[in-house]
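# Close look at the chain arrangement
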Protein chains: 2
Amino acid sequence: MALLSKSCVYGIRAAILMAIKGEKEFISIKDIAEELNLSAHFLTKILQLLTQEGLLISHRGPKGGVKFSRPAKNIKLIEIVAAIDGMELFEECALGLHGCGTATPCPLHEKWAEHKIVLRTLFETENLEKLADNVQDAGLRLRTLSQLDIIEFNNTKMQK
Amino acid sequence: MALLSKSCVYGIRAAILMAIKGEKEFISIKDIAEELNLSAHFLTKILQLLTQEGLLISHRGPKGGVKFSRPAKNIKLIEIVAAIDGMELFEECALGLHGCGTATPCPLHEKWAEHKIVLRTLFETENLEKLADNVQDAGLRLRTLSQLDIIEFNNTKMQK
DNA sequence: TTAATTTAGGATAAAAGAGTCTTTAATACT
DNA sequence: AGTATTAAAGACTCTTTTATCCTAAATTAA
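Here's a quick rundown of the structure. Position labels on residues start from 1 in each chain and follow its written sequence. As they are written, the chains are lettered A onward and the ligands numbered 1 onward, keeping that order. Reporting of local features is limited, given that this is a predicted model, to residues whose pLDDT is at least 70; pairs of side-chain atoms are given and counted only at 80 or more, and all residues count toward the totals for whole chains, interfaces and linings. Values shown for side chains rest on all heavy atoms present in the structure; no hydrogens or waters enter the calculation.

### Quick notes on the interface of chain A and chain B
What counts, and what does not: By definition, residues are in contact when any of their heavy atoms lie within 4.5 Å. Buried area: the accessible surface (1.4 Å probe) lost by two parts on joining, summed over both. Any carboxyl oxygen of Asp or Glu within 4 Å of a side-chain nitrogen of Lys or Arg constitutes a salt bridge here. We count a stretch as a helix when DSSP gives it H or I for four or more residues in a row; a strand needs E for two or more, and each element gets its number in order from the N terminus. Gly falls in the polar group here, along with every residue not listed as nonpolar (Ala, Val, Leu, Ile, Met, Phe, Trp, Tyr, Cys, Pro) or charged (Asp, Glu, Lys, Arg).
Taken together, the 45 residues of chain A in the interface contact 45 residues of chain B. In this assembly, chain A packs against chain B so that about 4,000 Å² is buried in total across both faces, 65% of it on carbon and sulfur atoms. Interface area lost by chain A to chain B is led by Met-1, Pro-107 and Arg-141 of chain A, which between them contribute 21%. At the boundary of chain A and chain B, one finds 2 salt bridges. Of the charged contacts in the structure, one is a salt bridge between Glu-126 of chain A and Lys-111 of chain B, with a shortest N-O distance of 2.8 Å. When residues of the side of chain A that touches chain B are traced back to their parent elements, those giving at least two are helix 1 (6–21), helix 4 (77–85), helix 5 (88–91), helix 6 (109–125), helix 7 (128–138) and helix 8 (147–159) of chain A. Top element by residues in the side of chain A that touches chain B is helix 6 of chain A. It accounts for 6 residues. Of the residues contributing to the side of chain A that touches chain B, the split by class is 27 nonpolar, 8 polar and 10 charged.

Right, here's the structure in full:
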């Protein structure tokens, strides 16, 4: 099991790319999808969720696309996750026991409740501007199926 | 998205119940399933994974069932998770970028790498004996579909 | 040896997640 | 007005997860 669904990581990658590309103009979903090596149709669906949540503004027609409804600095990573995967990860019992709480806790309740706060704080303190800056500063990665992967794979092998 | 798959939380709940019931005798999967309100067939499949990993010993026929291959105290929670969900949660990139590492990190790499250690430590320091003791000490919960839920639900409503 | 019990394992089905394709609606440009 | 572009929306497919059911194999006890 991964921490986040595939839809969610695609949405996050797209949002970071958008933050890199600037916030003034509408960016076409097709362009984002191409840069990230994703299906444009599928990404459209995912970004629709962000539009419906009010995180993005969309515009149809030529020169259309999507852009942030507010400065990337003011959009927290957790808002993207919440819109796509929901808040379950940050709010629910680790053993899936509905209603687990201090009154009737599960055996893991105390430890997990404490940890959830840390996890949540991590996703709340990251914003899209910050993440975009990371990419620009250090030439970090956003793509999977790219030459980067192949290069790294070869490098890794050579190091051994 | 939940932290753990359903199979995994069923496996954990069953393992904790087994630890409560004692480690000497074989316990029938049917009995565990009944106490936890799960499908016995489904739980059998899940516990098979634990048997295949060597965490459990199984025995067919009358008086058969499953029991731990070593003292519950020596079985870490992370071992159950690893056998059912795998180690992805504790080892992989949060943005699903294969090969994300210090060489070619994703924008979230540093923060997540740091956090993964904390998460992993949590699951490594919990063992089945400890979790079972939690249940016994405080009358904690292991079941979902039980009267307990209904009672708590009503209590919660009344508190508002 | 027969019958009952219990895990193992395969076949199948239902539900959810992931992904594709087609049509529709909005809009900009000529 | 007409055409090209782009997101929205729905139908559809494929895969994985979740769950059920049936048969086989092992084992105990009578």
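### Remarks on helix 6 (residues 109–125) of chain B
All names here are of chain B. Let me state the cut-off plainly: Here a helix's expected span is defined as the number of its residues, less one, multiplied by 1.5 Å. Exposure categories follow from relative accessible area, calculated using a 1.4 Å probe and restricted to protein chains: below 20% of the type maximum is buried, above 50% is exposed, and the middle band is partly exposed. Read the arc as the range of directions from the helix axis to the C-beta atoms.
When the terminal C-alpha atoms of helix 6 are compared, their 24 Å separation across 17 residues agrees well with the 24 Å that a helix rising 1.5 Å per residue should span. Inspection of helix 6 places His-109, Trp-112, His-115, Lys-116, Leu-119, Leu-122 and Phe-123 among the buried residues, and these make up the whole buried set. For helix 6, the angular spread of buried residues about the axis comes to 135°, placing them on one side. Opposite its buried face, helix 6 presents the exposed residues Glu-110, Glu-114 and Ile-117, each directed more than 90 degrees away.

### Considerations on the nonpolar core
Applied cut-off: Think of a nonpolar core as a cluster: buried Ala, Val, Leu, Ile, Met, Phe, Trp, Tyr and Cys residues, connected wherever their side-chain atoms sit within 4.5 Å.
Ranked by internal contacts, the top residues of the largest apolar core, which has 104 residues, are Ile-32, Phe-123 and Leu-128 of chain A together with Ile-32, Phe-123 and Leu-128 of chain B. Once residues lying within four places of it in the same chain are set aside, the contact partners of Phe-123 of chain B are Leu-3, Leu-4, Lys-76, Leu-77, Ile-78, Val-81 and Phe-90 of chain B.

### Some points on the relation of the copies chain A and chain B
Under the convention used in this document: In superposing the copies, a least-squares fit is computed on C-alpha atoms, taking residues whose pLDDT is at least 70 in both.
Mapping chain A onto chain B is achieved by rotating through 180° and translating by 0.0 Å along the same axis, at an RMSD of 0.0 Å. Such a turn and shift between the copies fits a two-fold axis. Considering only C-alpha atoms, the residue of chain A closest to the rotation axis is Leu-3 of chain A, which sits at 3.1 Å. Take the interface residues of chain A: 100% of them recur as interface residues in chain B, which is what a same-surface contact looks like.

### With respect to the packing of aromatic side chains
Test applied: Between 30 and 60 degrees the pair is tilted, below 30 it is stacked and above 60 it is edge-to-face, where a pair is any two Phe, Tyr or Trp rings, Trp via its six-membered ring, whose centres lie within 6.5 Å. Here, over-ring charges are defined by two tests on the NZ atom of lysine or the CZ atom of arginine: distance to the ring centre within 6 Å, and angle to the ring normal within 35 degrees.
Applying the stated rule across the entire model yields 4 aromatic pairs over all chains. Across the ring face of Phe-26 of chain A, the terminal group of Lys-67 of chain A is positioned such that the distance to the ring centre comes to 4.7 Å.

Bear in mind that shape data such as this cannot, by itself, settle questions of function.
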